[in-house]
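Architecture and fold: a report
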Amino acid sequence: MSIDTATGLEAPPELSSERVRDIFSAIARKYERFNAISSFGAYKLWLAGMMRQAPIAEHHDVLDIAGGTGDVTFTVARTKHPAHIQCTDLVPEMLDVARMHVDEGDGAGVPIDFQVVDAQDIPYADAAYDVITMAYGIRNMPDRPRALAEMFRVLKPGGALVCLEFSTPPNRIWRALYHFYLRHLIPFWGGLITGDKEGFVYLAKSIRAFPDQEGLAALMGEAGFTDVTWKNYTGGIAAVHVARKPASGTSGRS
């Protein structure tokens, strides 16, 4: 089922996809600054935690979904040194910034290719990648079951999907502070840094409408992944999920 990612209600996929393209194409060159300031630097700790959980070896071919300006791609390159990384995103302007970083030497010598890709229709062969990484991406996809099924398809048997996403703090006080932050401070910082306050009103709504840790794990399980685990960071504001494709090549669906 396709949904409006701002509300979680059923809606045509074009509604959310076009909105995401419009927002991120406009803020691409200021997106990294927003992440650094709005998270008070915590996003670097979340990326480091993601790498500790990512089962990436030097011989692996890695697919980075919703790679944006390359934060995850370049972190993988520096810390894991895989054989190759395919960095993809729905928004060309975001990848333009990532290419600029490669020119500045952020690729750490790892071969990196870039392509505009809708994760709900991945243009790669079955069982093509050892590991898939994704940060803050699934939340903006209107047909999440289809996107996860596509990731399952292109992942090799025994491979892993490693997903960093905003989540739901289990502690009641943390949760109240978090929702206040989303409702008021995310649009404030977004408007101040990028000039697009309304775009960040949407982003805050999409975070609040997103399933909690168990909900995302359930979606992964429905797509065929097994051994789905997650680890919370910063009181549960962010969580890293790791899901595996069965080594036997069977679907894993129950």
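Residues numbered from 1 in each chain as written. Predicted model: local features only at pLDDT ≥ 70, side-chain atom pairs only at ≥ 80, totals over all residues. Heavy atoms only, no water.

**Here's the deal with the overall build of the chain**
- Summing up its helical and strand segments, the chain has nine helices and seven strands in all.
- The C-alpha atoms of the chain give a radius of gyration of 17 Å, which matches the 18 Å a tight globule of 254 residues would have.
- In terms of its C-alpha atoms, the chain occupies a principal-axis envelope of roughly 45 × 45 × 35 Å.
- Looking at the chain residue by residue over its 254 residues, the buried ones come to 53%. (Helix = DSSP H or I, 4+ residues; strand = E, 2+ residues; numbered from the N terminus. Rg over C-alpha atoms; globule rule 2.2 N^0.38 Å. Buried < 20%, exposed > 50% of the residue type's maximum accessible area, 1.4 Å probe, protein only.)

**Some points on the packing of aromatic side chains**
- Applying the stated rule across the entire model yields five aromatic pairs.
- Where tryptophan 46 meets phenylalanine 166, the ring centres are 5.9 Å apart and the plane angle is 90°; that geometry is what we call edge-to-face. Here the residue tryptophan 46 occupies a position in helix α3 (residues 42-53), and phenylalanine 166 occupies one in strand β5 (residues 155-166), the gap between them amounting to 120 residues.
- Overall, the relative accessible area of 5% leaves tryptophan 46 in the buried class.
- The exposure class assigned to phenylalanine 166 is buried, which follows from its relative accessible area of 19%.
- Each ring, one from phenylalanine 152 and one from phenylalanine 225, has its centre 5.1 Å from the other, and the planes form 85°; the classification is edge-to-face. Taken together, the residues span a long stretch of sequence, with phenylalanine 152 in helix α6 (residues 144-154) and phenylalanine 225 in the loop between α9 (213-222) and β6 (226-233) at a distance of 73 residues. (Phe/Tyr/Trp six-rings, centres within 6.5 Å; stacked < 30°, edge-to-face > 60°.)

**A closer look at the UniProt feature "binding site: S-adenosyl-L-methionine" (unreviewed entry) in the chain**
- Summarizing the sequence annotation, UniProt attributes the feature "binding site: S-adenosyl-L-methionine" (unreviewed entry) to Thr69, Asp89, Asp118 and Ala119 in the numbering used throughout.
- Dropping the residues within four chain positions of it, threonine 69 is found in contact with Ala28, Tyr31, Glu32, Phe74, Met94, Val97, Ala98 and His101.
- At a separation of 3.2 Å, a polar atom in the side chain of threonine 69 contacts the side chain of glutamate 32.
- Mapping alanine 119 onto the fold places it in the loop between β3 (112-116) and β4 (129-135).
- Those residues in contact with alanine 119 that sit more than four places away from it in its chain are Ile65, Met141, Ala147, Glu150 and Met151. (UniProt positions renumbered as here; feature names shortened; annotations may be inferred. Contact = heavy atoms within 4.5 Å. Polar contact = N/O pair within 3.5 Å; in protein donor to acceptor, adjacent residues only side chain to side chain.)

**So, the state of the cysteines**
- Applying the stated criterion to the full structure yields zero disulfides.
- Cysteine 163 provides the cysteine sulfur closest to cysteine 87, a residue in no disulfide bond, and the two sulfurs are 15 Å apart.
- The exposure class of cysteine 87 is buried, given its relative accessible area of 0%.
- With relative accessibility at 1%, the residue cysteine 163 sits in the buried group. (Disulfide = S-S within 2.5 Å.)

**As for unusual backbone geometry**
- Phi is positive for histidine 81, which is not a glycine, with a value near 50°.
- With respect to the secondary-structure elements, histidine 81 resides in the loop between α4 (71-80) and β2 (84-89).
- A relative accessible area of 36% means that histidine 81 is categorised as partly exposed.
- Backbone geometry places threonine 234, a non-glycine residue, at a positive phi of 50°.

**Notes on the nonpolar core**
- Among the nonpolar cores identified, the biggest contains 54 residues, and Phe24, Trp46, Met50, Tyr136 and Leu164 are the most heavily contacted of them.
- At six residues, α3 tops the list of elements feeding residues into this core.
- Core analysis: the next-biggest nonpolar cluster, separate from the first, contains 26 residues, Tyr124, Ile132, Phe210 and Met220 among them. (Core = buried A, V, L, I, M, F, W, Y, C linked by side-chain atoms within 4.5 Å.)

**Observations regarding the pairing of β6**
- Relative to strand β7 (residues 238-244), β6 runs antiparallel, the two being bridged by six bridges. Along β7, the bridge assignment pairs asparagine 232 with alanine 239.
- Between β6 and β7, which follow one another and run antiparallel, lie four residues, and threonine 234 among them has a positive phi close to 50°. (Pairing = 2+ DSSP bridges.)

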